[in-house]
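The primary structure of each chain is shown beneath.
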Amino acid sequence: MDEFTFFNPVRLFCGTGAFAGLGEHAAEHGSRALLVTGRGSARKTGLLDRAVALLEGAGLHVTVFDRVPPNPTATVVDAGAAVVRDGGCEVIVAVGGGSAMDAAKAIAVCAGHSAPVLDFLRAEDKRLPTDATLPIICATTTSGTSSELTRFAVVTVEDLTQKSAIASDFIYPRVAIVDPELTVTCPPGVTANVGIDVLAHAIEGFFSTAASPVTDACAERAMSLVAQHLPKAVADGGDLDARAGMSLANVFAGFELSNCGATVLHGLEHPISAHYPEVAHGAGLATLMVAYAERYWDRDPYRFGRIAKALGRWVAGAPLEHSAEFAADAIRALLARVGLDIGLEDIGVERDMLETIADDTLSYMRGALDKTPVELSRDDLIELLEASYSRS
Ligand SMILES: [Fe+2]
């Protein structure tokens, strides 16, 4: 057996009703909390009021920061850190989706080090977070980006048109709350997008050069849970069984992502949504997955056969390698069931931007390419983008 390591320090509270413990968990890490959330849905659904009540009920003083947009920006992160400093907050609590959680993690770094977020994002002379990072508690309202279980915080740097990430063990949340009841108000389009993000984390980590037997088990479970539950969760948001299935998929993919990181699909998608900030992360990933599987399944037929099987499309009784070429079809069928069998043109990407996207991937998403098992040249990336352009 090849040597491998696995690490994840997050204390996970998962299951229906887990959100009730929010105040008690936060109180273990401070008496003044910054509550980070998005710009509307948590307030609209009453979840923000409930979070404030739970935190105050546990004796915390709460400052609300509800200015996080989708794809959080460096400006918003620095504004949040200033609120932390002014309010003397000791613990950062995120209640929301990936954007709120990533913003909270970046705010915890900046406030703890009294430094702007750019110090931790720039390509050269990058500062690394230390244990001065404030403690973070995450309760996710989507299934999901798995940010509640990872060492990553993705932040858009407006001036550079770049989406960069802080990657550090110091930004693992102390506590992750994954309560499927929090996801029932997630609209169908968002449910589909974030569910496909889970699928991408599962697939990319599965063929990553960083994969291990532990992450493989997480990946296969996550893929089959997504195939089984995502279409139902999109069709009926109130289906708590489907929501619970997707919550679990998110957890398995999160443990995998935190150890494997992402590969080429995320490597291409981050530049896409940096240039087109209105593009949802999952939709961007959806445009790329089929072309990658179509082109590269034969580089690792056993793994792509396992992907096909996890998605319910395999030749029973035959060696798994015989099903490898069906992986692309299985992914495409699942995307179609949730309304995301789409190409780059459908999300508004202009054809003359494909070379720029490939160049950006090569310049600042190297880490993702390095974990991709296939060596991909600039021409290969452009060809992949071309093949992902149109579904017709
Ligand atoms: Fe992702």
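Residues numbered from 1 in each chain as written. Predicted model: local features only at pLDDT ≥ 70, side-chain atom pairs only at ≥ 80, totals over all residues.

J.: Please clarify how the overall build of the chain should be interpreted in this entry.
T.: Secondary structure summary: the chain contains 15 helices and 8 strands in total. Expressed as a percentage of its 392 residues, the buried residues of the chain come to 55%. Expressed as a percentage of contacts within the chain between residues at least 6 apart in sequence, the contacts between residues at least 24 apart total 78%. (Helix = DSSP H or I, 4+ residues; strand = E, 2+ residues; numbered from the N terminus. Buried ≥ 20, exposed ≤ 12 C-beta atoms within 10 Å, placed from the backbone. Contact = placed C-beta atoms within 7 Å.)

J.: Whenever I open this one, the pairing of strand 2 (residues 32–38) confuses me. Can you help?
T.: Along any regular strand the residues' side chains alternate between the sheet's two faces. Most of strand 2 is tucked away: 6 of the 7 residues are buried. Examined bridge by bridge, strand 2 and strand 3 (residues 61–68) share 6 bridges and lie parallel to one another. Note on strand 3: the bridge partner recorded for Gly38 is Val68. For strand 2 and strand 4 (residues 91–96), the ladder comprises 4 bridges, and the chain directions are parallel. (Pairing = 2+ DSSP bridges.)

J.: What is the right way to read the packing of helix 6 (residues 188–207) against helix 7 (residues 213–235) from this model?
T.: Helix-helix packing is described using two parameters, namely the angle between the two axes and the distance between the axes. Orientation of helix 6 relative to helix 7, taken along the N-to-C sense of each, is 160°, at an axis distance of 9 Å. In terms of orientation, helix 6 and helix 7 fall into the roughly antiparallel class. When you trace helix 6 past helix 7, the crossing you get is left-handed. Residues Pro188, Thr191, Ala192, Gly195, Val198, Leu199, Ala202, Ile203, Gly205 and Phe206 of helix 6 form the contact with helix 7, whose own contacting residues are Thr215, Asp216, Ala219, Ala222, Met223, Val226, Leu230, Ala233 and Val234. (Axes fitted to C-alpha atoms, helices over the stretch in contact; angles between N-to-C directions. Parallel < 35°, antiparallel > 145°, perpendicular 65-115°, else oblique. Left-handed = near helix turned anticlockwise from the far one by under 90°.)

J.: Would you take a moment to explain the environment of Gly245 for this structure?
T.: Mapped onto the secondary structure, Gly245 falls in helix 8 (residues 240–260). Once the C-alpha coordinates of Gly245 and Thr183 are considered, the two residues, 62 residues apart in sequence, prove to be 11 Å apart. Residue contacts for Gly245: discarding those within four places in its chain leaves Leu225, Gln228 and His229.

J.: Mind showing me how you'd approach the sheet that holds strand 3 here?
T.: Across a sheet, paired strands are connected by hydrogen bonds in the backbone, their directions being either parallel or antiparallel. Reading across the sheet, the 6 strands line up as 1-8-5-4-2-3 and stay open at both edges, with parallel pairing between neighbours. Of all strands in the sheet, those bounded by a partner on one side alone are strand 1 (11–14) and strand 3. With direction set aside, neighbouring strand axes in the sheet form an average angle of 15°.

J.: Help me understand the packing of helix 7 against helix 8 in this model?
T.: Packing of helix 7 against helix 8 leaves a shortest axis separation of 8 Å and a crossing angle of 150°. Between helix 7 and helix 8, the angle falls in the class roughly antiparallel. Between helix 7 and helix 8 the crossing geometry is left-handed. The segment helix 7 lies against helix 8, with Thr215, Cys218, Ala219, Arg221, Ala222, Leu225, Val226, Gln228, His229, Leu230, Lys232 and Ala233 engaging Ala242, Arg243, Gly245, Met246, Leu248, Ala249, Phe252, Ala253, Phe255, Glu256, Asn259 and Cys260. Within the contact of helix 7 with helix 8, the residues separate by chemical class into 15 nonpolar, 5 polar and 4 charged. (Nonpolar A, V, L, I, M, F, W, Y, C, P; charged D, E, K, R; others polar.)

J.: Sorry, what's going on with the nonpolar core here?
T.: Counting 140 residues, the largest nonpolar core has Val36, Ile92, Val93 and Ile107 as its most contacted members. Counting only domains with at least three residues in this core, you end up with domain 1 (11–183) and domain 2 (188–387). Not counting residues up to four positions away in its chain, the partners in contact with Ile92 are Leu34, Val36, Ala104, Ile107, Ala108, Leu134 and Ile136. (Core = buried A, V, L, I, M, F, W, Y, C linked by C-beta atoms within 7 Å. Domains from an automatic or database assignment.)

J.: Explanation requested: the environment of Glu220 in the structure shown.
T.: Relative to the assigned elements, Glu220 resides in helix 7. Given 18 C-beta atoms within 10 Å, Glu220 falls into the partly exposed group. Sequence separation between Glu220 and Asp66 is 154 residues, and the spatial gap between their C-alpha atoms is 36 Å. Residues in contact with Glu220, not counting those within four places in the same chain, are Arg306 and Ala310.

J.: Is there a simple way to think about helix 15 (residues 378–387) in this case?
T.: For the α-helix, the turn length of 3.6 residues means that residues three or four positions removed from each other point alike. Considered for burial, the residues of helix 15 that qualify are Leu381, Leu384 and Leu385. All buried residues of helix 15 lie within an arc of 95° about the axis, which places them on one face of the element. Buried positions along helix 15 lie against helix 9 (264–275), helix 10 (281–296) and helix 13 (354–364). (Arc of directions from axis to C-beta.)

J.: What should I look at first to understand the domain arrangement of the chain in this one?
T.: Frequently, the measure chosen for interface size is the accessible area that the parts lose on association. Domain boundaries in the chain define domain 1 (11–183) and domain 2 (188–387). On a C-alpha basis, the centroid separation for the pair domain 1 and domain 2 is 26 Å. Those elements giving two or more residues to the side of domain 1 that touches domain 2 turn out to be strand 1 and strand 7 (162–167). With 3 residues, strand 7 is the single largest residue contributor to the side of domain 1 that touches domain 2.

J.: How should I be thinking about unusual backbone geometry in this particular structure?
T.: With the exception of glycine, most residues fall at negative phi, and the peptide bonds are largely trans. Positioned with a positive phi, Asn71 is a non-glycine residue whose angle comes to about 55°. Considering the arrangement of structural elements, one finds Asn71 in the loop between strand 3 and helix 4 (74–87).

J.: Honestly, the environment of Leu265 in this entry has me stumped. Any pointers?
T.: Turning to its location among the elements, Leu265 is positioned in helix 9. Distance in space between the C-alpha atoms of Leu265 and Gly284 is 8.9 Å, their sequence separation being 19 residues. When sequence neighbours within four positions are dropped, the list of residues in contact with Leu265 reads Ala200, Glu204, Leu285, Leu288, Met289 and Tyr292.

J.: Please explain helix 4 as it appears in this structure.
T.: With 14 residues, helix 4 ought to run about 20 Å at 1.5 Å a step, and its terminal C-alpha atoms sit 20 Å apart, in line with that. The complete set of buried residues in helix 4 reads Ala74, Val76, Val77, Gly80, Ala81 and Val84. The buried residues of helix 4 occupy an angular sector of 165° when the element is viewed end-on, so they sit on one face. Buried-residue contacts for helix 4 involve strand 2, strand 3, helix 5 (98–113) and strand 6 (152–157). Looking one or two places after helix 4, you find Gly88, whose phi comes out positive at around 65°. (Expected span 1.5 Å × (residues − 1).)

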